[in-house]
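Geometric and topological summary
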Amino acid sequence: MIEKVIPIRLESGAAAAAPPWDGTPPRDALARPLRDLRISVTDRCNFRCVYCMPREVFDANHAFLPHSAILSFEEIARTARIFVGLGVKKIRLTGGEPLVRKDLHKLVALLAPLGADLTLTTNGSLLARQAPKLREAGLQRVTVSLDSLDDATFRRMNDADVAVTTVLEGIAAAAAAGLAPVKINMVVKRAMNDHQIVDLARHFRGSGHVVRFIEYMDVGSTNGWRMDDVVPSAEVLARINAHFPLESLDPQYAGEVAARWRYRDGAGEIGVISSVTQAFCRDCNRIRLSTEGALFTCLFASAGHDLKALLRGGGSDEAIRDRIAALWNGRSDRYSEIRTAETARLRKVEMSYIGG
Ligand code: SF4
């Protein structure tokens, strides 16, 4: 039985002041650095992907956040500046679907001067129109979700009245605007789109773009996740290797989410993201800021930490910095390492609320 979305618990931000930051780069309880900030700029989306925002839950009656509740571009930029001061090197804009937020290029223009690697994850349906402006504003790269090349399968997975060609045009426009190489994310669900794995690999071979195959995950509490629907990355690689021999590549940096593989014939690279069968929590350096101004220290968190009360309640940059540093230093998340059938049923924050 799929539940309605119940708001996630937020620990108050206006509680006791955090201890002053001592100036050393924050490291969590597992000695992981704070390096990667993911910012959800909206909880809305024009798709209803079955693994993220199933329509039967996120239906016409679903209460999305009112504009007054979401952080303004200035509040997001202020928060990001404080994170960069604490050592963050990479900022990823997510949603929901970030490109449904009006004038997103204006936020990009506020974030670009911070000097962090600035990227965005999108379903690509609005990318063709917005890519030049985003690039001009300072965006460096994009990741586009594409779960199938076949329209019927695409619609079954994303439950949106959008053609695959629209997303492919978005990818081409991003590349033309200088946002290449584009990363393409395919969430693989057994008996739904796994028959498309080799087709997607074949389509992007030699393009310079990198397809990453993502194991279907028990994110949130509404997608009805079952282990039986997961296609392990080992199986994905075996299927592709049977057509296009592969060899593994070393990670480019600590905490890289995708395991990298290259085609032996030089036709490029792919990746697999294996949160279910090969957990990568040991060097996870990601924190997420929800569109409502709460921090989540894990994609599978059951509670968030409100920052908005400080942002809107006259909190100083130092007070916000101290709160973030204290939160990270106390972090010990490693959900994917401890996942069980029981934990999969825990009430967890929705991915559409904090981004992937
Ligand atoms: S499960 Fe949580 S701790 Fe593990 S990699 Fe994902 S976000 Fe990081």
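To be clear, the structure that these remarks concern was listed above.
Keep in mind the model is a prediction, meaning the values are calculated, not measured.

1. Remarks on the pattern of salt bridges
Counting across every chain of the model gives 27 salt bridges. Here E247 ties to R264 by a salt bridge, and the two come within 3.1 Å at their closest N and O atoms. Placement of E247 in strand β8 (residues 246-248) and of R264 in the loop between β9 (259-263) and β10 (269-273) is noted, with a sequence separation of 17 residues between them. On the basis of relative accessible area, E247 is assigned to the partly exposed category, the value being 26%. One salt-bridge network, held together by shared partners, links D28, R32, R331 and D333.

2. Section: empty space enclosed by the protein
Throughout the structure, instances matching the rule amount to two cavities of 30 Å³ or more. Estimated volume of the second largest cavity: approximately 50 Å³. Lining the second largest cavity are 13 residues, with F204, R205, H209, Y263 and E269 sitting closest to its centre. Looking at the lining of the second largest cavity, the elements that each hand over two or more residues are α6 (197-204) and β10. Residue composition of the lining of the second largest cavity, by class: six nonpolar, five polar and two charged.

3. Topic: the packing of helix α3 (residues 127-137) against helix α5 (residues 164-176)
Interaxial distance between α3 and α5 falls to 8 Å at its minimum, and their mutual angle equals 15°. As the angle between them shows, α3 and α5 are arranged roughly parallel. Every pair of crossing elements has a handedness; the one defined by α3 and α5 is right-handed. Across from L127, A128 and A131 in α3, the residues of α5 making contact are E169, G170, I171, A173 and A174.

4. What about the packing of aromatic side chains?
For the coordinates displayed, the defined rule picks out four aromatic pairs. Residues F47 and F154 carry aromatic rings whose centres are separated by 6.0 Å and whose planes lie at 85° to one another, so their mutual orientation is edge-to-face. With a gap of 107 residues between them, F47 in the loop between β2 (36-40) and α1 (73-85) and F154 in helix α4 (residues 151-158) connect regions that are remote in the sequence. As far as the burial class goes, F47 and F154 line up, both buried. Seen in terms of ring centroids, F244 and Y263 are 6.0 Å apart; in terms of plane orientation they differ by 85°. Their pairing is edge-to-face. With F244 in the loop between α7 (233-243) and β8 and Y263 in strand β9, this pair connects stretches of sequence that are 19 residues apart. A residue is classified by how much of its surface remains accessible, and F244, at 14% relative accessible area, is buried. The class of Y263 is buried, set by a relative accessible area of 2%. A cation over an aromatic ring shows up here: R205 above the ring of Y263, its NZ or CZ 4.8 Å from the ring centre.

5. Considerations on the environment of R323
Structurally, the position occupied by R323 is in helix α9 (residues 317-329). Considering only alpha carbons, one finds R323 and C298, 25 residues apart in sequence, at a separation of 17 Å.

6. Things to note about α5
A turn of α-helix holds 3.6 residues, and therefore any two residues three or four places apart point the same way. Relative to the 18 Å expected for 13 residues at 1.5 Å per residue, α5 spans 18 Å between its end C-alpha atoms, a close match to the ideal helical length. Within α5 the residues assigned to the buried category are V164, V167, G170, I171, A173 and A174. At its buried positions, α5 is contacted by α3, β5 (141-145), α4, β6 (183-188) and α6.

7. Examining the side chain of D28
Here D28 is to be found in the loop between β1 (9-11) and β2. The class for D28 is buried, based on a relative accessible area of 4%. Only 2.7 Å separates the side chain of D28 from the backbone nitrogen of L30, close enough to count as a polar contact. A polar contact of 2.9 Å, which involves the side chain of D28, links it to the side chain of R331. If we skip the residues at most four places from it in the chain, D28 touches W328, N329 and R331.

8. Brief notes about the site of the ligand
Among the 13 residues in the neighbourhood of the ligand, the closest are listed as C281, C284, C298, L299 and S336. Listing elements by their share of the shell around the ligand, those giving two or more residues are β11 (286-289) and α10 (335-338). Tallied by class, residues from the shell around the ligand come to seven nonpolar, one polar and five charged.

9. Things to note about the pairing of β11
Burial along β11 is two-sided: the face carrying R286 and R288 and the face carrying I287 and L289 are both buried. As paired strands, β2 and β11 are joined by four bridges and run parallel to one another. Pairing of L37 across the sheet is with I287, part of β11. Judged from the two bridges that link them, β11 and strand β12 (residues 294-296) form a sheet pairing that is antiparallel. By the bridge assignment for β12, L289 is matched with L295.

10. Re unusual backbone geometry
A cis amide bond links G95 with the next residue in sequence, G96, at an omega value of 10°. Turning to its location among the elements, G96 is positioned in the loop between β3 (90-94) and α2 (104-111). Backbone torsion omega between A180 and P181 reads -10°, so that peptide bond is classified as cis. Position of P181 among the secondary structure elements: in the loop between α5 and β6.

Definitions and limits used
- Along each chain, numbering runs from 1 in the same order as the chain's sequence is written.
- Note on the predicted model: pLDDT of at least 70 is required for a residue's local features to be given, and 80 or more for side-chain atom pairs to be given and counted; whole-chain, interface and lining totals, by contrast, use all residues.
- The basis for every side-chain value is the complete set of non-hydrogen atoms in the structure, without hydrogens or water.
- Every case where a carboxyl oxygen of Asp or Glu lies within 4 Å of a side-chain nitrogen of Lys or Arg is listed as a salt bridge.
- The way it works is that DSSP assigns letters per residue, a run of H or I at least four long becomes a helix, a run of E at least two long becomes a strand, and they are numbered from the N terminus.
- A 1.4 Å probe rolled over the protein chains alone gives each residue an accessible area, and that area as a share of the maximum for its type sets the label: buried under 20%, exposed over 50%, partly exposed in between.
- The method works on a 1 Å grid over the protein atoms by themselves. A cavity is a set of points holding a 1.4 Å probe that cannot get out, a pocket is an open set with protein on both sides within 12 Å along at least five of seven lines, and residues with an atom within 4 Å of a point line them.
- Grid points are joined across faces, edges and corners, and a volume is the space filled by probe spheres set on the points.
- Classification used: nonpolar for Ala, Val, Leu, Ile, Met, Phe, Trp, Tyr, Cys and Pro, charged for Asp, Glu, Lys and Arg, polar for all others including Gly.
- Comment: axis = line fitted to C-alpha atoms, over the contacting stretch for helices; angle = value between 0 and 180 degrees taken between N-to-C directions.
- For classification purposes, angles smaller than 35 degrees are called roughly parallel, those larger than 145 roughly antiparallel, those between 65 and 115 roughly perpendicular, and all remaining angles oblique.
- Crossings are classed by handedness, with left-handed meaning an anticlockwise turn of the near helix from the far one by less than a right angle and right-handed meaning a clockwise turn.
- Two residues qualify as a contact provided that any one of their heavy atoms is within 4.5 Å of a heavy atom in the partner residue.
- By convention, a stacked pair of Phe, Tyr or Trp rings (six-membered ring in the case of Trp) has centres within 6.5 Å and planes under 30 degrees apart, an edge-to-face pair has planes over 60 apart, and any other such pair is tilted.
- For a ring to carry a charge above it, either NZ of a lysine or CZ of an arginine must fall within 6 Å of the ring centroid while also lying within 35 degrees of the normal to the ring plane.
- Each helix should span, by expectation, one fewer than its residue count multiplied by 1.5 Å.
- Counting of polar contacts relies on pairs of N or O atoms within 3.5 Å, with two restrictions inside protein: one atom must be capable of donating a hydrogen and the other of accepting it, and residues adjacent in sequence are counted only when both atoms are side-chain atoms.
- Residue proximity to a molecule or strand is established when one non-hydrogen atom of the residue lies within 4 Å of it.
- Strands are treated as partners if at least two bridges between them are detected by DSSP.

By themselves, these observations are geometric and do not establish any function.
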